[in-house]
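If you want the building blocks of each chain, they are given just below.
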Amino acid sequence: MASTAVSSHLTALQTKHAGLEARLRDELARPVPDTATIQLLKKQKLRLKEEIAGV
């Protein structure tokens, strides 16, 4: 049962990471990307990546 919870948590983290990647890609595709938004998204992605690695 615990492994199912871990698997579910990992899937949720990976989904969030993919969503941030999509938002980052969209922001970078804008004619004038917002550098503050890009930095924020990259930091959030890194935190999630570190959390994924720790699971």
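Now for a quick tour of the structure. (Residues numbered from 1 in each chain as written. Predicted model: local features only at pLDDT ≥ 70, side-chain atom pairs only at ≥ 80, totals over all residues. Heavy atoms only, no water.)

What follows deals with the packing of helix α1 (residues 2–29) against helix α2 (residues 35–54). Put simply, α1 and α2 touch, their axes get as near as 9 Å, and they point 160° apart. Classified by the interaxial angle, the pair formed by α1 and α2 is roughly antiparallel. The element α1 and its partner α2 pack so that their crossing is left-handed. Residues His9, Leu10, Leu13, Gln14, Lys16, His17, Leu20, Glu21, Arg23, Leu24, Glu27 and Leu28 of α1 pack against Thr37, Ile38, Leu41, Lys42, Gln44, Lys45, Leu48, Lys49, Glu51 and Ile52 of α2. (Axes fitted to C-alpha atoms, helices over the stretch in contact; angles between N-to-C directions. Helix = DSSP H or I, 4+ residues; strand = E, 2+ residues; numbered from the N terminus. Parallel < 35°, antiparallel > 145°, perpendicular 65-115°, else oblique. Left-handed = near helix turned anticlockwise from the far one by under 90°. Contact = heavy atoms within 4.5 Å.)

This part is about the nonpolar core. Soluble globular proteins: nonpolar side chains tend toward being buried together. Counting six residues, the largest nonpolar core is built from Leu13, Leu20, Leu24, Ile38, Leu41 and Leu48. Of all the elements in the fold, those that place two or more residues in this core are α1 and α2. With residues near it in sequence (within four places) discarded, leucine 20 still touches Leu41, Gln44, Lys45 and Leu48. (Core = buried A, V, L, I, M, F, W, Y, C linked by side-chain atoms within 4.5 Å. Buried < 20%, exposed > 50% of the residue type's maximum accessible area, 1.4 Å probe, protein only.)

On to the side chain of glutamate 27. Note on placement: glutamate 27 falls in helix α1. Setting aside residues no more than four positions away along its own chain, glutamate 27 makes contact with Pro33, Asp34, Thr37 and Ile38.

In a structure, side chains of opposite charge can pair up when their charged atoms sit close to one another. For the structure shown, the criterion picks out three salt bridges. Salt-bridge contacts for glutamate 21 lead to lysine 45; the nearest nitrogen and oxygen are separated by 2.2 Å. Here glutamate 21 is found in helix α1, whereas its partner lysine 45 is found in helix α2, with 24 residues between them in sequence. On the basis of relative accessibility, which here comes to 16%, the residue lysine 45 falls in the buried class. Ionic pairing is found between glutamate 27 and arginine 30, a salt bridge with its closest N-O pair at 3.2 Å. Here glutamate 27 falls in the buried class, since its relative accessible area comes to 8%. On the basis of relative accessibility, which here comes to 43%, the residue arginine 30 falls in the partly exposed class. (Salt bridge = Lys/Arg side-chain N within 4 Å of Asp/Glu carboxyl O.)

This part takes up α1. A rise of 1.5 Å per residue sets the reference length of α1, with its 28 residues, at 40 Å; its end C-alpha atoms lie 41 Å apart and thus fit the reference within 8%. Along α1, the residues that are buried comprise Leu13, Leu20, Leu24 and Glu27. Lining the buried residues of α1 we find α2. (Expected span 1.5 Å × (residues − 1).)

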